[in-house]
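Structure assessment
One letter stands for each residue in the lines below.
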Amino acid sequence: MNARVARAERDLWPELPLEAWRDTYSTLHMWSQIVGKVRLALTPKINHWWGVSFYVNALGLTTSPIPYPDGAFEVQFDFVHHQLVVRTSNGALRTLALAARSVADFFQEFMAALASLGITVTIWKMPVETPNPVRSRHAARRV
């Protein structure tokens, strides 16, 4: 690749100075842990947890299909349209706005969306890989 093409590709990405978006980064970290823990709880185990990573797609991040008793579902962080999309293999769809809200409120709304689709799951309540984690008061209930 020549230097001109490399520079043009680099210029396609916006600047993301951490201090300007630290709160968004921290919130997305917690929200993605909640979604990731749902996937961890429901996906068959594969070597080194390979089955629980997120994948980059054209709109943001996706889980890829997650099995549940009635088929499969997928959760997508759609950063273009600012929404979390839960889509099942039978065509059902739920969306949540990626808008300012507490992690506890996100947890409650996400679990309610799953429950409305017939998806039941219990996840570990405590955030990980973060200093001074706080257990979600909503995370204790099974949905």
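Below: a short report on this structure. (Residues numbered from 1 in each chain as written. Predicted model: local features only at pLDDT ≥ 70, side-chain atom pairs only at ≥ 80, totals over all residues. Heavy atoms only, no water.)

**Concerning the pattern of salt bridges**
Under the definition given, this model contains two salt bridges. Between Arg 22 and Glu 19 there is a salt bridge whose closest N-O contact spans 2.3 Å. Of this pair, Arg 22 and Glu 19 both sit in helix H2 (residues 18-42), three residues apart, which is roughly one turn of the helix. Here Glu 109 ties to Arg 101 by a salt bridge, and the two come within 3.2 Å at their closest N and O atoms. According to the relative accessible area criterion, Glu 109 is partly exposed, its value standing at 36%. (Salt bridge = Lys/Arg side-chain N within 4 Å of Asp/Glu carboxyl O. Helix = DSSP H or I, 4+ residues; strand = E, 2+ residues; numbered from the N terminus. Buried < 20%, exposed > 50% of the residue type's maximum accessible area, 1.4 Å probe, protein only.)

**Details of the nonpolar core**
If you look at the biggest cluster of nonpolar residues, it comprises 23 residues, and the most contacted ones within it are Val 38, Phe 73, Leu 84, Phe 110, Met 111 and Leu 114. Secondary structure elements with two or more residues in this core: H2, strand S3 (66-68), strand S4 (71-78), strand S5 (83-88) and helix H3 (103-116). Residue contributions to this core peak at six residues, all from H3. Aside from chain neighbours lying at most four places away, what touches Leu 114 is Val 38, Phe 73, Val 86, Ile 119 and Val 121. (Core = buried A, V, L, I, M, F, W, Y, C linked by side-chain atoms within 4.5 Å. Contact = heavy atoms within 4.5 Å.)

**Considering the packing of aromatic side chains**
For the structure on display, the rule yields six aromatic pairs. A ring pair is formed by Trp 21 and Tyr 25, whose centres lie 5.7 Å apart and whose planes are at 80 degrees; its orientation type is edge-to-face. Of the two residues, Trp 21 and Tyr 25 are both situated in helix H2; the distance of four residues between them amounts to about one turn of the helix. Taking 6.0 Å as the distance between ring centres and 70 degrees as the angle between the ring planes, the aromatic pair formed by Phe 54 and Phe 77 counts as edge-to-face. With a gap of 23 residues between them, Phe 54 in the loop between H2 and strand S1 (55-56) and Phe 77 in strand S4 connect regions that are remote in the sequence. Taken together, the ring pairs connect Trp 31, Phe 106 and Phe 110 into an aromatic cluster. (Phe/Tyr/Trp six-rings, centres within 6.5 Å; stacked < 30°, edge-to-face > 60°.)

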